[in-house]
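Spelled out, the chains give:
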Amino acid sequence: MADTDAHVSSEGPERYDTYSAPIMRPFVAELLDAVDLAPGSAVLDLACGTGYAAHAAAALVGPTGRVCGADIDAGMIRVARERHPRLYPDIDFTVAPADRLPYDTATFGAVVCQQGAQFFPDLNATLTETARVTRPGGRFAATVWAPVDRQPYFLAQQRAIEEYGGPEAPRTFLRPFTRTAESLTTALEHVGYHDTAHREVTFGITLPPLAAYAPGHLAALWGGLITQAGGEKALTEAGRLVLNQLADRTAPDGTATLPFTAILMTATR
């Protein structure tokens, strides 16, 4: 999911995978549909995190296909391997930075990137490398989050981070929401992609009961920043603040159905 340390969990990549899944997985089908996978396809999940897209891609390409996942975080790769669905062919998960991929030129007919493009330190360098490993005519698709002020759940997290995360935390939190379709289009066309397009994808996602989920998710992604600033008490208070902000959206069973919006970017090599 990310080629950066911005999402390193204070509780480990297993907790990251568990708590992020309800929000991340609904977007995977849209991402994979955009690259038109078929049996026998070769696909790379770039900045794969714990492998949500790679795991789903394996079911689409079948035993004659090839699926690879690359991420700079060794812990994420370990969890991706451990949670690989064994019904499908092996997935080659590799620890590697996105701008130095260990694959031959023109290896993949498709490259996907779920919520990773906003973290690349040098977007042009990464996409140059992505273009290198993509076959002529191959497809690229990436999702990035729409602005945070359009996402009630993330907005609640932002306010908790601002209150309890310390002076540098708000800037770190906002990083996933700063990559625009325009910047991606410019970078993709600069490195040789064409037929670039983008559209918004919105899902109403029903989150698990928030009393446990919202504080757990906050701790899994941002617990290190908050406890560094104010200790465990600050983390408890931050979780309570998230819950309070979402109280009017919480159903009697404790769940909450909230809109999440991503920008889906596509291009052809």
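Residues numbered from 1 in each chain as written. Predicted model: local features only at pLDDT ≥ 70, side-chain atom pairs only at ≥ 80, totals over all residues. Heavy atoms only, no water.

Along the chain, the regular secondary structure elements total 9 helices and 7 strands. The C-alpha radius of gyration of the chain comes to 18 Å, within 12% of the 18 Å expected for a compact globule of 269 residues. Overall, the chain is about 50 × 40 × 30 Å in size when its C-alpha atoms are taken along their principal axes. Of all 269 residues assigned to the chain, the portion counted as buried reaches 55%. Restricting the contact set of the chain to residue pairs at least 6 apart, pairs at least 24 apart contribute 82%. (Helix = DSSP H or I, 4+ residues; strand = E, 2+ residues; numbered from the N terminus. Rg over C-alpha atoms; globule rule 2.2 N^0.38 Å. Buried < 20%, exposed > 50% of the residue type's maximum accessible area, 1.4 Å probe, protein only. Contact = heavy atoms within 4.5 Å.)

Turning next to the state of the cysteines. With the rule as written, the count across this model stands at 0 disulfides. In this structure Cys-68 is not part of a disulfide, and its nearest cysteine sulfur, from Cys-48, lies 10.0 Å away. When its relative accessible area of 0% is taken as the criterion, Cys-68 is described as buried. Cys-113 takes part in no disulfide bond, and the closest cysteine sulfur to it belongs to Cys-48, at a distance of 9.7 Å. (Disulfide = S-S within 2.5 Å.)

The backbone of Asp-36 sits at a positive phi, close to 55°, despite the residue not being glycine. If you trace the backbone, Asp-36 turns up in the loop between helix H2 (28-33) and strand S1 (42-46). Notably, Gln-115 is not glycine yet its phi reads approximately 55°, a positive angle. Along the chain, Gln-115 turns up in the loop between strand S4 (108-114) and helix H5 (123-133). Residue Gln-115 is classed as buried on the basis of its relative accessible area of 2%.

What follows covers the side chain of Asp-71. Take Asp-71: it is sitting in strand S2 (residues 66-71). Arg-81 provides the closest opposite charge to the buried, salt-bridge-free Asp-71, at an N-O distance of 11 Å. A polar side-chain atom of Asp-71 sits 3.3 Å from the main-chain amide nitrogen of Cys-48. (Lys, Arg positive; Asp, Glu negative; His and termini not counted. Salt bridge = Lys/Arg side-chain N within 4 Å of Asp/Glu carboxyl O. Polar contact = N/O pair within 3.5 Å; in protein donor to acceptor, adjacent residues only side chain to side chain.)

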